Amino acid sequence: MTLRRILQVLAVLVVLGGLAAASIFFGAFEKSVVASSVDTPLSADEMKRLAARGAYVAKAADCYACHTAKDGAPWAGGLPFDLPFGTIFSTNISPDRQVGIGAWTRAEFHRAVRDGVGKGGRHLYPAMPYASYRMMTSADVDAVYAYLMTREPIAVPNRNNTLGFPFNIRQSLTFWNLVNLPREVDGDNPARSAAWNRGRYVVDALGHCGECHTPRNLAQGMDASAYLRGAVIEGVEAPDITKAGLQAMGFDPVTLARFMKSGLSAQGGMTGPMFDVVHLSTQYLSEDDLKAMSAYLFDLDAVPDVATPPPAPPPVAVPPVLAASARATYLDLCSGCHGVTGQGIPHVAVPLATNASLRLNSARNFIHTTLHGIPAQSFPGLERMQPMPGFADKLDDKTLADLASWMRAQWGGRPPDVSPTEVSALRRRAH
Ligand code: HEC
Ligand code: HEC
Ligand code: HEC
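The rules behind each value
For every chain, the first residue of the written sequence is number 1, and numbering continues from 1 onward in sequence order. Whichever chain is written first becomes A and whichever ligand is written first becomes 1, with later ones labelled in order. Given that the model is predicted, a residue must reach a pLDDT of at least 70 before its local features are reported, and side-chain atom pairs must reach 80 or more before they are shown or counted; all residues, however, enter totals for whole chains, interfaces and linings. Think of it this way: any DSSP run of H or I at least four residues long counts as a helix, any run of E at least two long counts as a strand, and we number them from the N terminus. Atoms considered for the radius of gyration are the C-alpha atoms alone. The globule rule reads 2.2 Å times the number of residues to the power 0.38. Counting other C-beta atoms within 10 Å of a residue's own tells you its class, since 20 or more makes it buried, 12 or fewer makes it exposed, and anything in between is partly exposed; those C-beta atoms are placed from the backbone. In short, DSSP must find at least two bridges between two strands for them to pair. Helix axes use the C-alpha atoms of the stretch in contact, all axes being lines fitted to C-alpha atoms, and the angles between their N-to-C directions lie in the range 0 to 180 degrees. To sort the angles, those under 35 degrees are grouped as roughly parallel, those over 145 as roughly antiparallel, those from 65 to 115 as roughly perpendicular, and the leftovers as oblique. C-beta atoms are first placed from the backbone for all residues, and any pair lying within 7 Å is then listed as a contact. Each residue receives a C-beta atom built from its backbone; the residue is near a molecule or strand if that atom lies within 6 Å of it. Under the convention adopted here, Pro, Cys and the residues Ala, Val, Leu, Ile, Met, Phe, Trp and Tyr are nonpolar, Asp, Glu, Lys and Arg are charged, and Gly plus all remaining residues are polar. Marked domain ranges trace back to an automatic or database domain assignment. Residues enter a nonpolar core if they are buried, belong to Ala, Val, Leu, Ile, Met, Phe, Trp, Tyr or Cys, and are joined to the set through C-beta atoms within 7 Å.

What follows deals with the overall build of the protein. Helix and strand counts for the protein come out as 18 helices and eight strands. Taking 22 Å as the expected radius of gyration for a compact globule of 431 residues, we find that the protein reaches 25 Å, a close match to that expectation. Scored against the burial criterion, the 431 residues of the protein give a buried share of 38%.

Written out as structure tokens, the structure reads:
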């Protein structure tokens, strides 16, 4: 081939590549899962009828958690999401006509929630979990819409994001959507029970558990090949919640269903971002939905009536010198609240001997909690836990690493291999 010919071919390729990129950019490949029937507005009667159910769906989908800032007005948005390239803020979805969604049509709302495309074709950042809500049924989205329209309109203007170029170009999210959004939504699996299918819907669509518990791939989408197998989020590990992961933490289906309601069990207490999930969302799930969620996560067609916790992992041997010094640390600093044998004290502190955090592959969550503590938390049913103090200034890296090794080996059945370097890395992280 002559040079001239090669250049011609290259020119054609560049033009074709440019055209392909441009057509993705302008949304030519975008696929809406929203049916055109939602172009018809709901009648006032339908809106009224749907609102009560919408309150439940909105809880199960945890909309409030992200759309209400700390100490902010309900539904008025403003909660910051810190990303590596800037901060974005959740928006006001109260029915205020100027700054909220009061003037949004039913169709606009559906497209925002399920396609990630807001009013006027404005693309939403995937911090809004539309990749999960895409699986929501049209009836459920209607119900949430009807419910939100009954809330008090709050005239708090939206805050400006601080994203730099090129991340501030919303239209470029068409590329993310092309790679990460399922084009079709799976229907029910006819080979499985109604409970299993409902559970999948509660976990994947409403509860969007995968947004935190599934690791991200290079394109920052949920990595389907590691579905629910655990990911680090805000410095803590959202653990593996597949059947194997749940069993390793000591859960059986009945115990898990109770835990998602109460936030407390022999496996410990919900902390950090997961506390908010229970507090604002799963505690309100119906018994049937809690069971369905458990059935799906344990891959069962029905949840048994009685709890059958998996046996405790056998302890792993620890060098005697390490064991003696770690035990002394434990008796000195921890046993007053957690009990001499780690059994916990009801209404005071959770058990550690049966604690999920000691059974995980990684010691991250255990070290994180011990360094930084836990604020006082109120659990459903008027249960309260006092604050757990942080021990960052009482335990040096080596002492805490030894304590973690000993506790994990004794109660979690894990090899005693926590290193001072691991502790030091987590200590340096701002809480
Ligand atoms: C994990 C956090 C999170 C959850 C949960 C969440 N949202 Fe959002 N939502 C956001 C963020 C962040 C934005 C702003 C995205 C942007 O600016 O691109 C947003 C934007 C929106 C918008 C677009 C508003 C506008 O003015 O453009 C709507 C509508 C919306 N969310 C509705 C909902 C509903 C309904 C639910 C529950 C079914 C929900 N959201 C749950 C984080 C969340
Ligand atoms: C906002 C992110 C987020 C979402 C959404 C989320 N989780 Fe979690 N989850 C976490 C984090 C972080 C932890 C670890 C914190 C801890 O140890 O309590 C966790 C811990 C857990 C645990 C173990 C509890 C323990 O004792 O450590 C279970 C079980 C769990 N999540 C189930 C779920 C299910 C089911 C859903 C969906 C309904 C869900 N999570 C949604 C972040 C999340
Ligand atoms: C003043 C009482 C107190 C002391 C002392 C204390 N803790 Fe705690 N700890 C608590 C309470 C209360 C909780 C449960 C908090 C909650 O879940 O809201 C807790 C929770 C924990 C958790 C989280 C368990 C889970 O379920 O996620 C770990 C890990 C832990 N403590 C380790 C330690 C270690 C290690 C020490 C000693 C270095 C220690 N604690 C000393 C009160 C205490």
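Glancing now at the pairing of strand β1 (residues 80-83). Pairing of β1 with strand β2 (residues 86-89) involves four bridges; the strand directions are antiparallel. Its bridge partner lying in β2, aspartate 82 is registered against threonine 87. Between β1 and the antiparallel strand that follows it, β2, lie two residues.

Viewed as axis vectors pointing N to C, helix α2 (residues 44-60) and helix α6 (residues 138-148) meet at an angle of 100 degrees, and their least axial separation amounts to 6 Å. Put simply, α2 runs roughly perpendicular to α6. Residues Met47, Leu50, Ala51, Arg53, Gly54, Ala55, Val57 and Ala58 of α2 lie in contact with α6, whose contacting residues are Asp140, Asp142, Ala143, Val144, Ala146 and Tyr147.

We now examine the site of ligand 2. Near ligand 2 lie 24 residues; those nearest to it are Gly207, Cys209, Cys212, Ala238 and Met274. If you list the elements that add at least two residues to the shell around ligand 2, you get α9 (210-213), β4 (236-238) and α12 (272-280). Per element, the largest residue contribution to the shell around ligand 2 is four residues, and it comes from α12. Of the residues contributing to the shell around ligand 2, the split by class is 13 nonpolar, 10 polar and one charged. Among the domains, domain 2 (194-297) and domain 3 (320-428) are the pair contributing at least three residues each to the shell around ligand 2.

Looking now at the environment of tyrosine 125. In this fold, tyrosine 125 is placed in the loop between α4 (106-115) and α5 (130-133). In this structure, the C-alpha to C-alpha distance between tyrosine 125 and serine 90, residues 35 residues apart in sequence, is 9.8 Å. Apart from the residues lying within four places of it in its own chain, the contact partners of tyrosine 125 are Ile88 and Leu173.

Core analysis: the largest hydrophobic core is formed by 59 residues, its most contacted members being Val144, Leu148, Leu206, Met260, Met293 and Leu297. Of all the secondary-structure elements, those providing two or more residues to this core are α2, α4, α5, α6, α8 (194-206), α11 (253-262), α12 and α13 (287-297). Both of domain 1 (36-160) and domain 2 (194-297) provide at least three residues apiece to this core. Counting residues in hydrophobic clusters, the runner-up holds 19 residues, among them Leu400, Met407, Trp411 and Leu426.

A separate point is the site of ligand 1. Ligand 1 sits among 24 residues. The nearest are Ala61, Cys63, Cys66, Gly118 and Met128. Only α3 (63-67) and α4 provide two or more residues apiece to the shell around ligand 1. A per-element tally of the shell around ligand 1 places α3 first, with four residues.

By the assigned domains, the protein splits into domain 1 (36-160), domain 2 (194-297) and domain 3 (320-428). For domain 1 and domain 2, the distance between their C-alpha centroids amounts to 23 Å. Each partner contributes residues to the interface: domain 1 has 13 residues there, and domain 2 has 18 residues. Grouping the amino acids of the side of domain 1 that touches domain 2 by side-chain chemistry returns 10 nonpolar, one polar and two charged.

Let's shift gears to the environment of glutamine 267. By the secondary structure assignment, glutamine 267 is in the loop between β5 (264-265) and β6 (268-269). Counting along the chain gives 85 residues from glutamine 267 to leucine 352, while the straight-line C-alpha distance between them is 7.9 Å. Residues in contact with glutamine 267, not counting those within four places in the same chain, are Met249, Gly250, Phe251, Phe259, Thr354, Asn355 and Ala356.

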